[in-house]
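Each chain, letter by letter, is given below.
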Amino acid sequence: MPTALITGATAGIGAAFARRLSADGFDLILLARDAERLARAADEHGRSEVVVADLATEEGIAAGEDAARRADLVINNAGFGHTGRFLDVPLEDELTMLRVHCEAVLRLTRAALPAMRERGRGGVINVASVGAFFPRGTYGASKAWVVSFSQAAAQDFTGVPVMALCPGFVHTEFHERARIDMSRLPSILWLDADDVVAAALRDFRRGQTVSVPGLQYKALVGAGRFIPRNLAARFSGRTGRKHQ
Ligand SMILES: NC(=O)c1ccc[n+]([C@@H]2O[C@H](COP(=O)([O-])OP(=O)(O)OC[C@H]3O[C@@H](n4cnc5c(N)ncnc54)[C@H](OP(=O)(O)O)[C@@H]3O)[C@@H](O)[C@H]2O)c1
């Protein structure tokens, strides 16, 4: 049986990856901080190992690297949003975001790829965001790094596919955890986590290095290329930025 490591597997997009990959016959390694939720998720799926780890810590990243070396498919998905704009957010929280969104993604990808090449199979999906294409605080900057890094890794390390997944707004716990008020977001902009995962795995099988699920978001990202960066920053700085 192939094995998939999913970080942030207990909620939202990570939980949707776990449901889908379990149904597809993968053994799962589920990683997150909350041990009880991980145990419940493992019970639900069967054929699962859990790794209780905080990817904002050295020990947590090391545990993730160890799991990544054993996995045929790595989904670097764990992530979070901030409550507030730059300078309202404590520096410590900004640095934690860079650790979880960038350092952990870099180190788990680096741990996984050589072992995958040796086995002659495998792949890595790094969950970024549509926010990667629009300036939007440290969050957008960290996700832009994920896209650029994944494209470069795919280019440099041929033979093992690496893809950045860039969802728009998805119904998960993300916004509630960051206390972002999403009540005024038009319904057309909401995506379902299971649909996002289905689109991601389809694009991954086709060998794409960047996946943007949903026609509305493909159009938005396409249009974004023609909008001056400062205008795009003004637009993205306002959307979904109202904090409770
Ligand atoms: N929802 C959206 O609209 C959206 C849009 C674009 C991109 N994304 C990206 O999608 C990814 C998943 O987000 P989501 O929306 O599914 O969020 P979510 O529902 O809040 O789930 C986040 C998951 O990550 C885990 N996690 C958070 N911090 C962690 C840490 N330091 N170490 C280990 N695990 C950690 C959480 O579990 P524990 O709390 O137990 O650790 C949970 O399993 C993120 O990278 C996010 O940036 C989300």
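Residues numbered from 1 in each chain as written. Predicted model: local features only at pLDDT ≥ 70, side-chain atom pairs only at ≥ 80, totals over all residues. Heavy atoms only, no water.

*Asks:* Looking at this structure, how should I read the environment of N230?
*Replies:* Examined against the element boundaries, N230 turns out to sit in helix α9 (residues 229–238). According to the relative accessible area criterion, N230 is exposed, its value standing at 54%. Considered as a pair, N230 and P167 are 63 residues apart in the sequence and their alpha carbons are 22 Å apart. (Helix = DSSP H or I, 4+ residues; strand = E, 2+ residues; numbered from the N terminus. Buried < 20%, exposed > 50% of the residue type's maximum accessible area, 1.4 Å probe, protein only.)

*Asks:* Mind showing me how you'd approach the pairing of strand β1 (residues 3–7) here?
*Replies:* Successive residues of a regular strand alternate their side chains across the two faces of the sheet. Most of β1 is tucked away: 5 of the 5 residues are buried. Side-chain alternation along β1 places T3, L5 and T7 on one buried face and A4 and I6 on a second face that is also buried. The pairing of β1 with strand β2 (residues 27–32) spans 5 bridges and is parallel. Its bridge partner being in β2, T7 is matched across the sheet by L31. The parallel pair β1 and β2 is bridged by helix α1 (residues 12–23), and the resulting crossover is right-handed. As paired elements, β1 and strand β4 (residues 73–76) share 3 bridges and run parallel to each other. (Pairing = 2+ DSSP bridges. Right-handed = clockwise from strand over helix to strand, strands pointing away.)

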